[in-house]
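The primary structure of each chain is shown beneath.
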Amino acid sequence: MRTLFVPLAVMALAVPPAFSQPAAGSNPSPIRHTAAATAEPAGPLDLRSALGLALRFNPGLSSASREREAGDAAVLQAGAWPNPVFEAQVEDLRRGNRTTTLQLSQPIELGGKRAARVTAAERARDQAASALLARRSELRASVITLFFEVLAAQDRLRLAQDSVGLAETATRAAANRVAAGKVSPLEESRARVAEAGIRVELLQAEGALRSARQQLAALWGNPNPRFTQADGALDRLPADAAAADVEGRLSAAPVLRQARLEVERRQALSDLEQARRVPDVTVSLGAKRVPADEGMGSGSGRNQVVVGLSVPLPIFDTNRGNVAEALSREEKARDELAAAELQLGADAARATERLRSARATALTLQRDALPGAEAAYKAAARGFELGKFSFLEALDAQRTLFQVRNQHLLAVAEAHRAAAELDRLLGTGADEETPDAAPAVR
């Protein structure tokens, strides 16, 4: 006896699969880099343009979008019904005794397996969509952070250039006083040593600016930045974050949204494993050709209708292990949600405190320290030229001014970094209209 099973889906093997072709709209990496470089302006770059470039060309964001598309396809596949099976069976190859049976079988899922499978796929798709929104928030925070890093690096470079100019002036003044015999040549040597140190700081500032520009342009896939400078107001501090506002937005944070969706997905998978404990049935319908010398009749033979029903008996495998595993992973997801809530609260509190501290530092330096340092340096420089102050006094006033200016830049940059980190944690601004600059001080 020979039994032959021929699935209907075998015919589809002759057709090339559609997914073997390149996806429409997919671009190789060199083309993507070229497009990003072309779209990037060759002149000044503002924050809105930087965000637009990153949202359009960032490879990580494109990857998250592909994952969401894959989730849509998974939902479609999860809702598919089982394929029927065509069976051809021949008993005894001798012509006079040959019996041929043709049968079509259709598996029928019971216990709500299809609905549970679709629900699990939908939760996975929702996770992919949520991950895309979270990636947009992270990308937006990264662009804002690096954009203000470039602004701060530009200001530090201008500060270093001004410092070199002031150091050159001090060196010339010291040289003139040495030539006039008013001070010893040691004063000129000290001035030249100080000028050399400031020139080293200028070289470091130039390198920091190049690095910041490259990191910013890398967010839209361009290894060689084309923009000449970042156009924005660094001294406009971000608004302080109110504790009540932060607390109200915690529940909608991307990390919590992802954790809640994971709990729902694990719950759907638990329901699916519970449904798999119910055995499926297979209904069969066919025809059997009986030879003439068999049965009660005679002649050329006769046909018989064949009807069948098969049900697996869950004796040895009751799916207990898979059910227990799914329930444990569901509880694990709930524990991870609780841990994520605690961690998010701590991270948001830390970012809020960083923002508050950086704002207070920047405002204090801008209001109290900078005016005094500038006035002291101008008085010391003028007094040194007139011979009223020594070079060391003028040099000390100059260093104090540069340190205060640099501290102010660092505080402003830290405030923008903390504000961007808070936006990333809370997911705020991911889908809002991109501002031209940071919110003004309130």
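Q: Would you explain the overall build of the protein in this entry?
A: Each helix and strand in the protein was counted, giving nine helices and seven strands. Evaluated residue by residue, the protein yields a buried proportion of 36% over its 442 residues. Pairs at least 24 residues apart make up 80% of the contacts formed inside the protein by residues separated by at least 6 positions. A total of about 24700 Å² of accessible surface is found on the protein, and carbon and sulfur atoms cover 56% of it.

Q: Explain unusual backbone geometry here, please?
A: Peptide bonds are, in most cases, trans, and in most cases residues other than glycine have a negative phi. The backbone of Asn319 shows a phi angle near 65°, a positive value even though the residue is not glycine. With respect to the secondary-structure elements, Asn319 resides in the loop between β7 (302–310) and α8 (320–385). The class of Asn319 is buried, set by a relative accessible area of 10%.

Q: Even after reading the chapter, I still don't get the pattern of salt bridges, so can you show me in this structure?
A: Overall, the coordinates contain 28 salt bridges when judged by the stated rule. Across the pair Arg123 and Glu264 runs a salt bridge, and its minimum N-O distance is 3.8 Å. Taken together, the residues Arg123 in helix α4 (residues 113–179) and Glu264 in helix α7 (residues 254–275) connect sequence positions 141 residues apart. On the basis of relative accessibility, which here comes to 18%, the residue Arg123 falls in the buried class. Among the residues examined, Glu264 registers a relative accessible area of 38% and is labelled partly exposed. A cluster of three or more residues bridged by salt bridges with shared partners is formed by Asp72, Arg123, Arg125, Asp126 and Glu264.

Q: Just to check I follow, could you spell out the packing of helix α3 (residues 59–78) against α4 for this structure?
A: The relative placement of two packed helices is expressed as an angle between their axes plus a distance between the axes. Contact geometry of α3 with α4 gives a least axis separation of 8 Å together with a crossing angle of 170°. Compared by their axis directions, α3 and α4 come out roughly antiparallel. On α4, the residues that touch Gly60, Leu61, Ala64, Ser65, Glu67, Arg68, Gly71, Asp72, Ala74, Val75 and Ala78 of α3 are Arg114, Arg117, Val118, Ala121, Glu122, Arg125, Ala128, Ala129, Leu132, Arg135, Arg136 and Leu139. In terms of residue class, the contact of α3 with α4 is built from 11 nonpolar, three polar and nine charged.

Q: Looking at this structure, I do not really get the packing of α4 against helix α5 (residues 185–218). What am I missing?
A: Interhelical geometry of α4 versus α5 gives an angle of 165° and a closest axis separation of 8 Å. Here α5 runs roughly antiparallel to α4, going by the angle between their axes. Handedness of the α4/α5 crossing: left-handed. Residue classes in the contact of α4 with α5 are distributed as 22 nonpolar, five polar and 11 charged.

Q: Help me understand the side chain of Asn319 in this model?
A: In this structure the side chain of Asn319 is engaged in a polar contact, spanning 2.9 Å, whose partner is the backbone oxygen of Glu273. Sequence-distant contacts of Asn319, that is, excluding residues within four places in its chain, are made with Glu273, Arg276 and Arg277.

Q: When you look at the confidence of the model for the protein in this model, what are you seeing that I'm missing?
A: Detailed conclusions should not be drawn from predicted coordinates in areas where pLDDT is low. With 85% of its residues at a pLDDT of at least 70, the protein reaches an overall mean of 81. Least confident of the elements in the protein is strand β1 (residues 2–7), whose mean pLDDT is 38; most confident is α7, at 92. Low pLDDT, under 50, characterises residues 1–28; the stretch is placed with 21 contacts to residues that sit more than four places away or in other chains. For residues 429–442, every residue scores under 50 in pLDDT, and the model assigns this stretch 33 contacts once sequence neighbours within four places are set aside.

Q: Would you explain the nonpolar core in this entry?
A: Note that soluble globular proteins tend to have their nonpolar side chains buried in a common cluster. Formed by 75 residues in total, the largest nonpolar core has its most connected members in Val143, Phe147, Leu216 and Trp220. When contributions to this core are tallied by element, the ones reaching two or more residues are α2 (47–57), α3, α4, α5, α7, α8 and α9 (391–426). Here this core gets 17 residues from one element, more than from any other, and that element is α4. Sequence-distant contacts of Leu216, that is, excluding residues within four places in its chain, are made with Leu45, Val143, Leu146, Phe147, Val150 and Phe227.

Q: Please explain the packing of aromatic side chains as it appears in this structure.
A: Two measures describe an aromatic ring pair: the distance that separates the ring centres and the angle between the ring planes. The full count for this structure, using the stated rule, is one aromatic pair. Between Phe147 and Phe148 the ring centres are 5.8 Å apart and the planes differ by 90°, which places this aromatic pair in the edge-to-face class. Look at Phe147 and you get buried, because its relative accessible area is 1%. Take Phe148: its relative accessible area is 3%, and that puts it in the buried class. Over the face of the ring belonging to Phe227 we find Arg213, whose NZ or CZ atom lies 4.7 Å from the ring centre.

Q: How do you make sense of the environment of Val307 when you look at a structure like this?
A: Note that Val307 resides in strand β7. Residue Val307 is classed as exposed on the basis of its relative accessible area, which comes to 64%. Along the primary structure Val307 and Ser284 are separated by 23 residues, whereas in three dimensions their C-alpha atoms are 5.6 Å apart. Ignoring anything within four residues of it in the chain, the contact list for Val307 reads Ser284 and Leu285.

About the thresholds
Residues numbered from 1 in each chain as written. Predicted model: local features only at pLDDT ≥ 70, side-chain atom pairs only at ≥ 80, totals over all residues. Heavy atoms only, no water. Helix = DSSP H or I, 4+ residues; strand = E, 2+ residues; numbered from the N terminus. Buried < 20%, exposed > 50% of the residue type's maximum accessible area, 1.4 Å probe, protein only. Contact = heavy atoms within 4.5 Å. Areas by Shrake-Rupley, 256 points an atom, 1.4 Å probe, with all protein chains shown as cover. Salt bridge = Lys/Arg side-chain N within 4 Å of Asp/Glu carboxyl O. Axes fitted to C-alpha atoms, helices over the stretch in contact; angles between N-to-C directions. Parallel < 35°, antiparallel > 145°, perpendicular 65-115°, else oblique. Nonpolar A, V, L, I, M, F, W, Y, C, P; charged D, E, K, R; others polar. Left-handed = near helix turned anticlockwise from the far one by under 90°. Polar contact = N/O pair within 3.5 Å; in protein donor to acceptor, adjacent residues only side chain to side chain. pLDDT = per-residue confidence, 0-100. Core = buried A, V, L, I, M, F, W, Y, C linked by side-chain atoms within 4.5 Å. Phe/Tyr/Trp six-rings, centres within 6.5 Å; stacked < 30°, edge-to-face > 60°. Lys NZ or Arg CZ within 6 Å of the ring centre and 35° of its normal.

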